[in-house]
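Overview (structure and organization)
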Amino acid sequence: MKEIILKIDGKEVKGKEGDTILDVCKANGIYIPTLCYLEGLTPYGGCRLCVVEIEGEKKLHTACTYPAKNGLIVKTNTEMLNNYRKKIIELLFAEKNHYCMFCEKSGNCELQELAYKFKLYNLSLPMLNPKLHVDATGKYFAIDHNRCVLCSRCIRACDEIVGLHVLDFSERGNRTFVAADFKDPIGNSSCIECGLCMQVCPTGAIFDKVSSYKFNVNECQKITTVCQQCSIGCPITLFIKDGKILRCEGVDLRNPKVQLCRVGRFDILYRNNIRILTPMIRKNGKLKKCSIEEALTLIIDKINSLTNKKNILCLISGIYPNNILEAFVKFAIETLGSIYVDSTDGYWCRVISQSLRTSPRNVECQIEDIQKADCILIVDVNFKVQNPLHSLVRKAARFNNAKVIFIGSAENHFVNIADIWIKTDSSIENRLLEILLNAINGDEKELKHPKITYEKPEDLHLAANLVNKAKHCIIVYGENLVKLGGTKTVNLIYETARKHDNINVVPLGPYLNSMDAQRFKIVNNLGFTNYNEVELAYLLLGDDDSFILPKFIEPNFLIVQSAYYSKIAMMADLIIPATTWLERDEKVKNLEKPHGIIDEKSFITKLLIKLTGNSLDEQIKREVKK
């Protein structure tokens, strides 16, 4: 961008064409107070705290909205400006209930900080305090309208970042408040409780129910890592104090992966699953505590008693990172020689890898590319969990006039912005997608003579036309479609993308690393058939407490290594404690871990030593020498 030169407070400073005065000031270290402004949101100059004097202008202007120009002369720090700003802060304090000592945000409140900065030690104005209601109907957060300064950050974040626009102003004067939908309680509204409004609130108006009044943010250690609750991988900041996570926030409003969903923001704080803290052996039908050494000895005895070690089912959760996958491969494939090795997302990996092998053109694109598309076909996506997707689709619809086609049974926010909603029973979503894709490829036989019944068959014609006319169409599909349609449906998606240069694909896998190459090494490309040969099963599940072993697999001895008690853990003959994904994260060092938990790699190493006499590291060193 073209460089521009301004004079601010008597100093010559540089900026870029398109910057506002506030942008130039921030880039050159010049302080201007703000309250409604937040980087990543559209500035609108509502709070008036950033007003500046501009030579040649008769009135004050807001620095966050006034475009910087070459040769502009600006004053940001005069007595008149500071008196004006102090009076605005006093008006805010006088209008609502801002008794800081009773507020959850005290010590971390932007309004409180401004009051100290401008030396507002008492009020010269009468307090109005109009007694607005407190909305505590939400599951995760509450809204105290008496502490709201009407900065509209929450409204703009919900609209511009999340893409829902659930919130807006209601009423007038000092009874104005931020309302959800048609003044509905937040718990009964269309809010998806992602919590971004709470993160951007500068005061204590929107507060977290579980962590309020428990800590001061400034006393916490902040660690930025990647959320591993789904395949998207949003950057996440953890606030840790005394070894415990007290709050989770997104990192950067400008990043399309910023707005954590309710799972990423709240699941860690609210998870109440019972933790497995010690190994347990089943004796006489009951699980009894034992030591790690007893557990290891029992596993080795069981393995050595088998007639064929290849008949051991070794299953690892897809949530595990590469270093544990490597250790698992050493144990299961190279040491035991098991022919039944797989991951819990094995089926998904098999289907996707097979489809990719038959696709010579790289048809996949990044999830961020969705906002640049002019047509988006969405099939079987849980937008409440994979929340950033909704934001990207919304941006594409708003700024690219993108056409949105949604195939699904449940009415959700995709339906509200969709140009075409192909409403169907969830059991035939894959069949309708196949008919649509065949029509896009020029085969309209089933489109004209459908073998299944569905509402508004003419919508499939319209959808096919929209995809064919698009300059850049992206097909987004979720993991359930893979389970439902299998190789046939997924192959057809990639085959269609291969035939049409204007089509790309975004698969949403079960886990963050589901597409990692290391994972494909342990996933059997063909799957398994003779499960009746399985004599012993070792399931390394970690935080994955939803996994259930298929009924047709009935091992004589079941080992479950898991962080939490679950249905499958209660069926086990031997339970081993496991770490959670945050305890495995190398960046999160100060998190308090339950006593006695042994990490998975150390446990597998101990198994290898007992089985072979050599540690995992020694085996790796020998292989490197070879």
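Description of the structure in this document.

Burial along strand S7 (residues 141-144) is two-sided: Phe141 and Ile143 and Ala142 and Asp144, pointing in opposite directions, are all buried. The turn linking strand S6 (residues 134-135) back onto S7 is made up of five residues. Two strands pair when backbone bridges link them, and S7 and strand S10 (residues 206-208) are joined in this way by three bridges, in the antiparallel orientation. Among the inter-strand pairings, Ala142 is bridged to a residue of S10, identified as Phe207.

This part takes up the environment of Phe182. If you trace the backbone, Phe182 turns up in the loop between strand S9 (177-180) and helix H5 (196-200). Note on Phe182: relative accessible area 77%, which makes it exposed. In the structure, Phe182 is positioned 16 residues away from Val166 in sequence and 9.1 Å away in space, judged by C-alpha atoms.

With antiparallel pairing, the three strands of this open sheet are ordered in space as S6-S7-S10. Each of the sheet's edge strands pairs with one partner strand only, and the pair in question is S6 and S10.

With that settled, consider the packing of helix H7 (residues 292-304) against helix H18 (residues 600-612). Across the interface, H7 lies against H18 with an axial gap of 10 Å and an inter-helix angle of 50 degrees. Considered as vectors, H7 and H18 are oriented oblique to each other. Note that H7 runs across H18; the crossing there is right-handed. For the pair H7 and H18, contact is made by Ile292, Glu293, Leu296, Thr297, Ile299, Ile300, Ile303 and Asn304 and by Phe603, Lys606, Leu607, Lys610 and Leu611, respectively. Grouping the amino acids of the contact of H7 with H18 by side-chain chemistry returns eight nonpolar, two polar and three charged.

Time to look at the pattern of salt bridges. Counted under the stated rule, the structure contains 22 salt bridges. The salt bridge involving Glu495 is made with Lys499; its shortest N-O contact spans 3.3 Å. Pair noted here: Glu495 and Lys499 are both in helix H15 (residues 479-499), with a separation of four residues, about one helical turn. Glu495 gets classed as partly exposed once you look at its relative accessible area, which sits at 28%. Counted as one network, the salt bridges with shared partners bring together Lys26, Glu39, Asp252 and Arg254.

So, on to the nonpolar core. Formed by 40 residues in total, the largest nonpolar core has its most connected members in Ile370, Ile376, Leu389, Val393 and Val476. For this core, the secondary-structure elements that each account for two or more residues are strand S12 (235-241), strand S13 (244-250), strand S18 (375-379), helix H10 (387-399), strand S19 (403-408), helix H11 (413-417), strand S21 (473-477) and helix H17 (581-584). With four residues, H10 is the single largest residue contributor to this core. Sequence-distant contacts of Val476, defined by excluding residues within four places in its chain, comprise Ile370, Ile376, Leu377, Ile378, Val379, Val381, Leu389, Val506 and Leu508. Within the second largest apolar cluster, 39 residues are counted, among which are Val363, Val379, Ile422 and Cys473.

Time to look at the layout of surface pockets. Within this model, the largest pocket holds a volume of roughly 1,200 Å³. What lines the largest pocket is a set of 42 residues, among which Glu479, Lys483, Pro510, Tyr511 and Ser546 lie closest to the centre. Residue assignment for the lining of the largest pocket shows that the elements contributing at least two residues are helix H6 (262-270), strand S16 (312-316), strand S17 (340-343), helix H9 (346-357) and H15. It is H9 that provides the largest number of residues to the lining of the largest pocket, a total of four residues. Grouping the amino acids of the lining of the largest pocket by side-chain chemistry returns 20 nonpolar, eleven polar and eleven charged.

The subject of this paragraph is the environment of His500. By the element assignment, His500 lies in the loop between H15 and strand S22 (503-507). Overall, the relative accessible area of 18% leaves His500 in the buried class. Counting along the chain gives 33 residues from His500 to Val467, while the straight-line C-alpha distance between them is 10.0 Å.

Neither face of S17 is open: one carries Tyr340 and Asp342, the other Val341 and Ser343, and all of them are buried. Summarising the sheet, S16 and S17 pair through four bridges and their orientation is parallel. Note on S17: the bridge partner recorded for Cys314 is Val341. Once the chain exits S16 it traverses helix H8 (residues 322-335) before rejoining the sheet at S17, and the crossover so formed is right-handed.

Evaluation of the coordinates by the stated rule reveals five aromatic pairs. Measuring from centroid to centroid gives 6.3 Å for Phe266 and Tyr270, while their planes differ by 80 degrees, and the two rings are edge-to-face. Taken together, the residues Phe266 and Tyr270, both in helix H6 and four residues apart, mark about one turn of the helix. Ring geometry for Phe331 and Tyr538: centres 5.8 Å apart, planes at 90 degrees, overall edge-to-face.

Our next topic: unusual backbone geometry. In this structure, Leu150 takes a positive phi of about 60 degrees despite not being glycine. Secondary-structure assignment places Leu150 in the loop between S7 and helix H4 (153-162). Despite not being glycine, Asp181 shows a phi value in the positive range, around 50 degrees. Mapped onto the secondary structure, Asp181 falls in the loop between S9 and H5.

Here we take up the side chain of Ser152. The residue Ser152 is located in the loop between S7 and H4 in this model. Apart from residues lying up to four places away in sequence, Ser152 is in contact with Tyr44 and Phe169.

Taking 1.5 Å of rise per residue, twelve residues should cover 16 Å, and helix H14 (residues 458-469) covers 17 Å from first to last C-alpha, within 8% of that figure. Within the sequence span of H14, burial applies to Asp459, Leu460, Ala463, Ala464 and Val467. On an axial view of H14, the arc spanned by its buried residues comes to 140 degrees, and they lie on one face.

Reading guide: rules and limits
Residues numbered from 1 in each chain as written. Predicted model: local features only at pLDDT ≥ 70, side-chain atom pairs only at ≥ 80, totals over all residues. Heavy atoms only, no water. Buried < 20%, exposed > 50% of the residue type's maximum accessible area, 1.4 Å probe, protein only. Helix = DSSP H or I, 4+ residues; strand = E, 2+ residues; numbered from the N terminus. Pairing = 2+ DSSP bridges. Axes fitted to C-alpha atoms, helices over the stretch in contact; angles between N-to-C directions. Parallel < 35°, antiparallel > 145°, perpendicular 65-115°, else oblique. Left-handed = near helix turned anticlockwise from the far one by under 90°. Contact = heavy atoms within 4.5 Å. Nonpolar A, V, L, I, M, F, W, Y, C, P; charged D, E, K, R; others polar. Salt bridge = Lys/Arg side-chain N within 4 Å of Asp/Glu carboxyl O. Core = buried A, V, L, I, M, F, W, Y, C linked by side-chain atoms within 4.5 Å. 1 Å grid on protein atoms, 1.4 Å probe; cavity = no way out; pocket = protein on both sides within 12 Å on 5 of 7 lines; lining within 4 Å. Points joined across faces, edges and corners; volume = space filled by probe spheres on them. Right-handed = clockwise from strand over helix to strand, strands pointing away. Phe/Tyr/Trp six-rings, centres within 6.5 Å; stacked < 30°, edge-to-face > 60°. Expected span 1.5 Å × (residues − 1). Arc of directions from axis to C-beta.

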